[in-house]
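Each chain, written out:
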Amino acid sequence: MSIPRWSPAAGFRLTTVALAVLVAASAAPSPVFPVYEERWGVSATAVTGVFAVYAAALLVALLTVGSLSDHLGRRPVAVAGTAGVVAAMALFAAADSTGWLVLARVVQGLATGAVLGALGAALLDLAGPRRAATAQLVNGAAPPVGLTLGAVGSALLVQFAPAPTATVYLVLAASLAVLGALLLGLPDAAPRVPGALASLRPAVRVPRPTRPVLVSLVPAFVGSWALGGLFLSLGPSIAAGVLGRGDHLVGGLLVACVAGTGAVVGVLTRAARPARVVLLGTSAFVLGPAVLVVALELRSTPLFVLGALVSGVGFGAGFQGALRAVLTTAPPSERAGVLSAVYVLSYTAFGLPSVLAGLLAPRLGLVTVAVGYAAALVVLGAVGTAAALLRRPAAAPASAPEPSRAGV
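Residues numbered from 1 in each chain as written. Predicted model: local features only at pLDDT ≥ 70, side-chain atom pairs only at ≥ 80, totals over all residues. Heavy atoms only, no water.

**A word on the overall build of the protein chain**
So, step 1. Within the protein chain, the regular secondary structure consists of 15 helices and zero strands.
So, step 2. Looking at the protein chain as a whole, 58% of its 408 residues are labelled buried.
So, step 3. Put simply, of all contacts in the protein chain between residues at least 6 apart along the chain, 87% involve residues at least 24 apart.
So, step 4. In the structure as shown, the protein chain presents an accessible area of about 15000 Å², 71% of it carried by carbon and sulfur atoms. (Helix = DSSP H or I, 4+ residues; strand = E, 2+ residues; numbered from the N terminus. Buried < 20%, exposed > 50% of the residue type's maximum accessible area, 1.4 Å probe, protein only. Contact = heavy atoms within 4.5 Å. Areas by Shrake-Rupley, 256 points an atom, 1.4 Å probe, with all protein chains shown as cover.)

As structure tokens, this is what we get:
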């Protein structure tokens, strides 16, 4: 029996929700980390290691199966990847040791890496040329919205629901199972291209027109996700250990300050030229982390929140402006590959600094490591701002048309 297909408009909305929930699942463990530390005696190094394993597994998936939906279709890859994340949530719920957390994170990273490019490309396919700008906005806004929902929702459940190390994962598993079933009706609007087996060879596939734009925007992508990694890996621990905030909800709210502000900024700047949005983001990389450094030295929670909010401007504007600029250059048949390349760059910046921070924290102290992390972001923001100022005269308008395509 054939499965009814959603209309393009309904498929677009479903894909948007699925992408946000999948990213929310990636943020959900962060507010639970302090509970693991309290109950299992997990060290800060182990916490950041568990955090980074996800990024490493996701990178492996992006480098191998990240562009597979260009060849097999968006629907089968999206459904399979979502099922993999459901399995990861079940592993998290059953975990009783660090080893189980590592296994769950590996499964989650592999599955998420497989599905990110497929869902992002599906948004562009289903939107068509007339709504390309909307699809680009959603592709940029869905990750910070998902991070916000995952961090706050998880923190609320950890603080107020029973079984804090299991409830959030069971809720996400049920939600993703429903979404996976609904994705069975997702229409495939993109033509499939041959070469599925060849695409599994580890590689970053960026079409020639996209390469110079992507290279010029490396500081924006790296700075954005390094900021996200700082708050997701160390935010709850800083709230508890440095600022003296034992409430689990505070750690989630700090993540939400960054990610939620990023999502709002993306919406407010949707009509601005990508070059201007990138410049706003890289400038915020300089100011936001500088405020964080002062807040840590003074042990000031209000000042730390202010720094998080300003950093959120950098996270949202830097990533979404850069993503819009890159996507305008991506041919329709290579969209999943381009998005995978973007996420390879972003998640490398997301994971590696966090691993280094986790290794150094026991030796140097959490405050010293966080200050050094923030200082590195200030330098990166200054470099990105200089690059954005040099690039501005040649910037393309935000509404640059994408190549036309039959059948959309």
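**A few points about the side chain of T112**
So, step 1. You can see T112 is positioned in helix α6 (residues 98-127).
So, step 2. Sequence-distant contacts of T112, defined by excluding residues within four places in its chain, comprise Y54, L58 and V85.

**Here's the deal with the packing of α6 against helix α14 (residues 335-364)**
So, step 1. At a minimum axis separation of 8 Å, α6 and α14 run at an interaxial angle of 130°. The orientation of α6 relative to α14 falls into the category oblique. When the axes of α6 and α14 are compared, the crossing they make is right-handed. Where α6 abuts α14, its residues L116, G117, G120, A121, L124 and D125 lie against R335, A336, L339, S340, Y343 and Y347.
So, step 2. Grouping the constituent residues of the contact of α6 with α14 by class yields seven nonpolar, three polar and two charged. (Axes fitted to C-alpha atoms, helices over the stretch in contact; angles between N-to-C directions. Parallel < 35°, antiparallel > 145°, perpendicular 65-115°, else oblique. Left-handed = near helix turned anticlockwise from the far one by under 90°. Nonpolar A, V, L, I, M, F, W, Y, C, P; charged D, E, K, R; others polar.)

**A short note on the pattern of salt bridges**
So, step 1. Per the counting criterion, the structure on display carries three salt bridges.
So, step 2. Among the ionic pairs, D70 bridges to R74, the shortest N-O distance being 2.7 Å. Here D70 and R74 have matching classes, each one buried.
So, step 3. Across the salt bridge formed by D125 and R74, the nearest N and O atoms sit 2.6 Å from each other. Of this pair, D125 sits in helix α6 while R74 is found in helix α5 (residues 74-94), placing the two residues 51 residues apart along the sequence.
So, step 4. Judged by relative accessible area, which is 2%, D125 ranks as buried. (Salt bridge = Lys/Arg side-chain N within 4 Å of Asp/Glu carboxyl O.)

Coordinates in, geometry out; function isn't part of it.
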